[in-house]
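Structural description and commentary
Residues per chain are reported as follows:
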Amino acid sequence: QVQLVESGGGLVQAGGSLTLSCTASGRTLSNYVVGWFRQSPGKERDFVAAISWNGSPRYRSDSVQGRFTISRDNAKNTVYLQMSSLRPEDTAAYYCGLSYRNSHYPSSDTIAYDDWGQGTQVTVSS
């Protein structure tokens, strides 16, 4: 029943910014952990950031934490990933995942996420 739709991807130059959106239908996101993952061709899907039901964020690394910000707007049933100072290595398809686990701390493992969106492509040129 749940449907997740990502949007906001595109082509940007290195140093540019993008904000991705994940909007859900069939579920109220405020009750669950939502994560952002990215995947390049031939590689596994890797954790980027996640946000808990109480708004606590988790990030891939300190470098990502300084450039990426995850947030949620419960009124719009949407989770955002604001990305700045983008680098070519950020190029990937970005996916939004929903976890039904009752946890205060977001997981970085894809296995913890039960539903996924179709992905949105982010390409950063050098």
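Residues numbered from 1 in each chain as written. Predicted model: local features only at pLDDT ≥ 70, side-chain atom pairs only at ≥ 80, totals over all residues. Heavy atoms only, no water.

Let us look at the overall build of the protein. Scanning the protein from terminus to terminus reveals 1 helix and 11 strands. At 13 Å, the protein has a C-alpha radius of gyration in line with the 14 Å of a compact globule built from 126 residues. When its C-alpha atoms are laid out on the principal axes, the protein stretches across 40 × 30 × 30 Å. Of all 126 residues assigned to the protein, the portion counted as buried reaches 42%. Surface exposure of the protein reaches about 6,400 Å², of which carbon and sulfur atoms provide 43%. The positive charge centre, built from 11 side chains, and the negative charge centre, built from 10, are 2 Å apart in the protein. (Helix = DSSP H or I, 4+ residues; strand = E, 2+ residues; numbered from the N terminus. Rg over C-alpha atoms; globule rule 2.2 N^0.38 Å. Buried < 20%, exposed > 50% of the residue type's maximum accessible area, 1.4 Å probe, protein only. Areas by Shrake-Rupley, 256 points an atom, 1.4 Å probe, with all protein chains shown as cover. Lys, Arg positive; Asp, Glu negative; His and termini not counted. Charge placed at Lys NZ, Arg CZ, Asp CG, Glu CD.)

What follows deals with the packing of aromatic side chains. Scanning all chains against the criterion turns up 5 aromatic pairs. Ring geometry for Phe37 and Phe47: centres 5.5 Å apart, planes at 75 degrees, overall edge-to-face. In this pair, Phe37 is assigned in strand S4 (residues 33-39) and Phe47 in strand S5 (residues 46-51), connecting sequence segments 10 residues apart. By the burial criterion, Phe37 is buried, and Phe47 matches it. (Phe/Tyr/Trp six-rings, centres within 6.5 Å; stacked < 30°, edge-to-face > 60°.)

Here the focus is the pairing of strand S1 (residues 3-7). Here is the key point about a regular strand: its side chains alternate between the two faces of the sheet. Residues of S1 alternate between two faces, with Leu4 and Glu6 buried on one and Gln3, Val5 and Ser7 left unburied on the opposite face. Bridge analysis of S1 against strand S3 (residues 18-25) gives 5 bridges, and the strand direction is antiparallel. Each residue of the ladder has a partner; that of Glu6, found in S3, is Cys22. (Pairing = 2+ DSSP bridges.)

The phi torsion at Asn77 lies on the positive side, around 55 degrees, for a residue other than glycine. As for its position among the elements, Asn77 is in the loop between strand S7 (68-73) and strand S8 (78-83). Even without a glycine there, the phi angle at Ser85 is positive, about 50 degrees.

A separate point is the state of the cysteines. Taken as a whole, this structure holds 1 disulfide when the rule is applied. The disulfide that involves Cys22 links it to Cys96, with 1.9 Å between the sulfurs. Given an S-S torsion of about -65 degrees, the disulfide between Cys22 and Cys96 has left-handed geometry. In this pair, Cys22 sits in strand S3 while Cys96 sits in strand S9 (residues 92-99), placing the two residues 74 residues apart along the sequence. (Disulfide = S-S within 2.5 Å.)

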